[in-house]
Amino acid sequence: MVLTAAALVLAGTALALAPLIGTEPGRRAALPVLAAGGAAFGLFTAAVFTLVLAGVRGAAADSVSGLLPTAQQLGGSIGVTAAGLAYYAPADTANTAFGHAMAYEAAIFLLTALIALPLRQTTSPTRSLPPPSGTRSPRA
């Protein structure tokens, strides 16, 4: 649920920023939008990490938790490249080009929200927790 909500807030942030940038009043109005987007991005990242690590068992969790920031950086690099391509698509003004990039961002986060909907029904965050130390399984 948090992942879907955060993705929707990020999509809204991108759509809200497009008309604000490029004007003096818009720059001031963009500050609360950017603050909401930053908070949503923090929630989004934490929710993704939790979701991924919930499916990992045992000692592999150490390796996967180390790999997650690398995957995040790779995904971010690909995303920035795609947003740059959207920005440099033919446009009359820089504001229009920025609107193209924000439309791309909004579409990606809407797609992410749609993908995240069924995930919350098929995952359980307690799957990867090991049994408390010193306890034995009923079969031992």
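Residues numbered from 1 in each chain as written. Predicted model: local features only at pLDDT ≥ 70, side-chain atom pairs only at ≥ 80, totals over all residues. Heavy atoms only, no water.

Under an unreviewed UniProt entry, the name given to the protein is Major facilitator superfamily (MFS) profile domain-containing protein, and the organism recorded is Streptomyces antimycoticus.

A. Broad picture of the overall build of the protein. Across its full length, the protein holds four helices and zero strands. Along the chain direction, N to C, the helices and strands of the protein fall in the order α-α-α-α. Considering the protein as a whole, with its 140 residues, one finds that 23% of them fall into the buried category. Considering only contacts in the protein between residues 6 or more positions apart, those separated by 24 or more positions represent 61%. Summed over all atoms, the accessible surface of the protein reaches about 9100 Å², with 70% contributed by carbon and sulfur. (Helix = DSSP H or I, 4+ residues; strand = E, 2+ residues; numbered from the N terminus. Buried < 20%, exposed > 50% of the residue type's maximum accessible area, 1.4 Å probe, protein only. Contact = heavy atoms within 4.5 Å. Areas by Shrake-Rupley, 256 points an atom, 1.4 Å probe, with all protein chains shown as cover.)

B. Here's a closer look at helix H2 (residues 24-54). Taking 1.5 Å per residue as the helical rise, H2 with its 31 residues ought to reach 45 Å, and the 45 Å between its terminal C-alpha atoms agrees with that figure. Of all the bends in H2, the largest measures some 30 degrees and sits at Ala 30, one to four residues before the proline Pro 32. Buried within H2 are the following residues: Gly 26, Ala 30, Val 33, Gly 37, Ala 40, Phe 44, Thr 45, Ala 47 and Ala 54. (Expected span 1.5 Å × (residues − 1). Bend = angle between axes of the 7 residues up to and from the residue.)

C. Summary view of the packing of H2 against helix H3 (residues 60-87). Remark: H2 packs on H3, axes separated minimally by 10 Å, with the N-to-C direction vectors making an angle of 145 degrees. You can see that H2 and H3 cross each other, and the crossing is right-handed. Residues Phe 41, Thr 45, Phe 49, Val 52 and Leu 53 of H2 pack against Ala 61, Val 64, Ser 65, Leu 68, Pro 69 and Gln 72 of H3. (Axes fitted to C-alpha atoms, helices over the stretch in contact; angles between N-to-C directions. Left-handed = near helix turned anticlockwise from the far one by under 90°.)

D. Here's a closer look at the packing of aromatic side chains. Counting across every chain of the model gives two aromatic pairs. Arranged with centres 5.7 Å apart and planes meeting at 90 degrees, the rings of Phe 44 and Phe 109 form a pair that is edge-to-face. Placement of the pair is Phe 44 in helix H2 and Phe 109 in helix H4 (residues 94-122), with a sequence separation of 65 residues. As far as burial versus exposure is concerned, Phe 44 and Phe 109 are alike and both buried. Here the aromatic rings of Tyr 87 and Tyr 88 are separated by 5.1 Å at their centres, their planes lie at 85 degrees, and the arrangement is edge-to-face. The exposure class assigned to Tyr 87 is partly exposed, which follows from its relative accessible area of 28%. (Phe/Tyr/Trp six-rings, centres within 6.5 Å; stacked < 30°, edge-to-face > 60°.)

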